Amino acid sequence: MKFRIIAISIILIIVLPVLAHEFWLEPQQYIFSRGEEINIRLRVGEGFKGENWSGNREKINLLQLYYSDVVDSSLHQHISDEKGDSLQFSIFEEGTAMVVFNNLNTYIELEPQKFLEYVTEDGLTNAIDYRKEHNESDSVGREYYQRSVKTIVQIGAVKTDVYKKQTPLPLDIIPQSQPYAVNGKQLMKMKILFNKEPLSQHKIRVWHKMPDGVTDSSYTSDENGIISFTVEPKGEWMVSCVNMIRLEDDPKAQWQSYWGSCTWGYTGKNVASVWAR
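Residues numbered from 1 in each chain as written. Predicted model: local features only at pLDDT ≥ 70, side-chain atom pairs only at ≥ 80, totals over all residues. Heavy atoms only, no water.

A. View of the packing of aromatic side chains. Tallying each qualifying case throughout the model produces 13 aromatic pairs. When the ring of Tyr130 is compared with that of Trp255, the centres are 5.6 Å apart and the planes differ by 85 degrees; the resulting orientation is edge-to-face. With a gap of 125 residues between them, Tyr130 in helix 2 (residues 125-133) and Trp255 in strand 19 (residues 255-265) connect regions that are remote in the sequence. Judged by its relative accessible area of 18%, Tyr130 falls in the buried class. Residues Phe194 and Tyr258 carry aromatic rings whose centres are separated by 5.0 Å and whose planes lie at 65 degrees to one another, so their mutual orientation is edge-to-face. Separated by 64 residues along the polypeptide, Phe194 in strand 13 (residues 186-194) and Tyr258 in strand 19 bring together distant segments of the chain. Taken together through their ring pairs, the aromatic side chains of Tyr219, Phe229, Trp237 and Trp264 make up a single cluster. Taking NZ or CZ as reference, Lys209 lies 4.3 Å from the ring centre of Phe48, over its face. (Phe/Tyr/Trp six-rings, centres within 6.5 Å; stacked < 30°, edge-to-face > 60°. Helix = DSSP H or I, 4+ residues; strand = E, 2+ residues; numbered from the N terminus. Buried < 20%, exposed > 50% of the residue type's maximum accessible area, 1.4 Å probe, protein only. Lys NZ or Arg CZ within 6 Å of the ring centre and 35° of its normal.)

What follows is the structure, encoded as structure tokens:
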């Protein structure tokens, strides 16, 4: 494998989930030529539209590049304590590549109504039911949250199976087929794992961004943690979800949430090259 890290700097800011639900990795395009610079931004926002995240090296738990049979876990070493907005590197061999990111916990408190709105929108019925049963509906929601996100890009026409590799992410969203082998409208399956086990009967959102707007559809994962939806090789795609568990013995927080996403897309100067062979 040949790749070159050019520069990395990442900004992290604390944003309440109720105000900015989604977090994702967003390259300037998804299809590249060999040696072309890949610039991946960390984004937070609503409706698959957002702003740069902010912070420093101390907030990063995991930042890895998957390519061919190699996993590079050293990317975080290139991040300074200064503010920046992107991860930049180049890959000089054709193939599919994947970048994964996980941050350390951040603590937040939300007023009762805001907390209810947030867990309702994301289908977190376990939290809603627990608070009702334990007379907590009128209490402040105290929570730790962390992000578990990945993006999949394509360099040239050679397609590899990096996309389906299981990662250390607590909340791992895994395509069950090669995203860059899609030719016309077809069914795609995604498997969602939480701590390496299927996340079943859970709300999963699928986003499709085109120049004229964004569509958002919701699905429920089956007993194997799988959803199926129709995809086409146009625009940008994201699958996202949130999982929340109750903390019993933590002196500060009542809940721990995990925010996951997986992005891929069909944008770039050399889109046609993906289907060249």
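B. The pairing of strand 9 (residues 95-103), seen in detail. The element strand 9 is extensively covered by neighbouring structure, given that 9 of its 9 residues are classed as buried. For strand 6 (residues 60-67) and strand 9, the ladder comprises 7 bridges, and the chain directions are antiparallel. Counted as the bridge partner of Leu63 is Phe101 from strand 9. Here strand 9 runs beside strand 11 (residues 141-155); their pairing, made up of 8 bridges, is antiparallel. Across the sheet, Ala97 pairs through a bridge with Val153, a residue of strand 11. (Pairing = 2+ DSSP bridges.)

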